[in-house]
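Spelled out from the first residue to the last, the chains are:
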Amino acid sequence: MCKSVTTGEWKKVFYEKMEEAKPADSWDLIIDPNLKHNVLAPGWKQYLELHASGRFHCSWCWHTWQSPHVVILFHMYLDREQRAGSVRMRVFKQLCYECGTARLDESSMLEENIESLVDNLITSLREQCYGERGGQYRIHVASRQDTRRHRGEFCEACQEGIVHWKPSEKLLEEEATTYTFSRAPSPTKPQAEAGSGCNFCSIPWCLFWATVLLLIIYLQFSFRSSV
């Protein structure tokens, strides 16, 4: 069973891996909930993790949900003269769709995912701050298949304009099929449209023709009687 990773554990994993990757430099990891996408101070670099997996827990109604669309923003800076670097991190929150409260809830990362997420961060850091070939990212976003639609109205990242979810072709086909069936014309619609003209099979017309037929029979009978 996987346990959630706290902020302290985030830092612990990052420090251990950075000590191994860049032992001559000192790096720090700071949690910054006010970090803005594409708003960078001079010399800072940005890395955006678009498809992290996390679990959310509503502090109001206690509803929990799993999401494969957690967005994590990193800003990175390296002072080459001081041989010191800093990383600022923001994990975007989500709203609870069960109770509808406006309270944004934080996600807890799973221990099995934290290693890959930090490895991706260090890969980007080595590429952008050191100009090195960082290597291969461990989470292949392009190969993911989304089987459920992401509810952007409850996602803090989506509300701030970060596009991080694209429906799979299978999901688009399923929604198109559902829309086609829901928009199919009713079997009674042609009859209703035909009724807007003269429908000689309607009940009023049947009564009219029956009355005419009875009148003709009556006139014939009266004529024969008079002869």
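Residues numbered from 1 in each chain as written. Predicted model: local features only at pLDDT ≥ 70, side-chain atom pairs only at ≥ 80, totals over all residues. Heavy atoms only, no water.

As recorded by an unreviewed UniProt entry, the protein carries the name Receptor transporter protein 1 and is attributed to Suricata suricatta.

What follows covers the pairing of strand 4 (residues 64–79). As defined by bridge partners, strand 3 (residues 45–57) adjoins strand 4 across ten bridges and the pair is classed as antiparallel. Bridge pairing in strand 4 places His57 opposite Thr64. The antiparallel hairpin formed by strand 3 and strand 4 contains six residues in its connecting segment, where Trp62 sits at a positive phi of about 70 degrees. Relative to strand 5 (residues 84–91), strand 4 runs antiparallel, the two being bridged by eight bridges. (Pairing = 2+ DSSP bridges. Helix = DSSP H or I, 4+ residues; strand = E, 2+ residues; numbered from the N terminus.)

At Asn38, a residue that is not glycine, the phi angle is positive and equals roughly 65 degrees. Structurally, Asn38 can be placed in the loop between strand 2 (26–31) and strand 3. Exposure remark for Asn38: the relative accessible area of 56% places this residue in the exposed category. Unlike most non-glycine residues, Arg83 shows phi in positive territory, near 55 degrees. Mapping Arg83 onto the fold places it in the loop between strand 4 and strand 5. (Buried < 20%, exposed > 50% of the residue type's maximum accessible area, 1.4 Å probe, protein only.)

Scanning the model with the defined rule gives eight aromatic pairs in all. Taken together, Phe56, Trp65, Tyr97 and Phe154 form an aromatic cluster joined through their ring pairs. Note that Lys22 overlies the ring of Tyr130, its terminal NZ or CZ placed 4.3 Å from the centroid. (Phe/Tyr/Trp six-rings, centres within 6.5 Å; stacked < 30°, edge-to-face > 60°. Lys NZ or Arg CZ within 6 Å of the ring centre and 35° of its normal.)

The next point concerns the state of the cysteines. Inspection of the entire model under this criterion finds zero disulfides. Left without a disulfide partner, Cys99 is nearest to the cysteine sulfur of Cys61, which lies 3.7 Å away. Exposure remark for Cys99: the relative accessible area of 32% places this residue in the partly exposed category. (Disulfide = S-S within 2.5 Å.)

It is worth spelling out helix 1 (residues 7–21) at this point. In an α-helix there are 3.6 residues to a turn, and that puts residues three or four apart on one side. Spanning 15 residues, helix 1 covers 21 Å between terminal C-alpha atoms, matching the ideal 21 Å at 1.5 Å per step. For helix 1, the complete set of buried residues consists of Trp10, Val13, Phe14, Lys17 and Met18. All buried residues of helix 1 lie within an arc of 125 degrees about the axis, which places them on one face of the element. (Expected span 1.5 Å × (residues − 1). Arc of directions from axis to C-beta.)

The next thing to look at is the nonpolar core. In terms of nonpolar packing, the biggest core is built from 28 residues, with Trp10, Phe14, Trp27, Ile72, Phe74, Val87 and Leu125 touching the most fellow members. Contributing elements (two or more residues each) for this core: helix 1, strand 2, strand 3, strand 4, strand 5 and helix 2 (111–129). Ranked by the residues each element gives to this core, the list is headed by helix 2, at seven residues. The residues touching Leu125, leaving out its near neighbours within four places in the chain, are Met18, Trp27, Met76, Val87 and Tyr130. Within the second largest apolar cluster, seven residues are counted, among which are Val71, Leu73, Phe92 and Ala157. (Core = buried A, V, L, I, M, F, W, Y, C linked by side-chain atoms within 4.5 Å. Contact = heavy atoms within 4.5 Å.)

A separate point is the confidence of the model for the protein. On average, residues of the protein carry a pLDDT of 78, and 71% of them reach 70 or more. Predicted confidence for residues 178–182 stays below pLDDT 50, and this span has zero contacts to residues more than four positions away or in other chains. (pLDDT = per-residue confidence, 0-100.)

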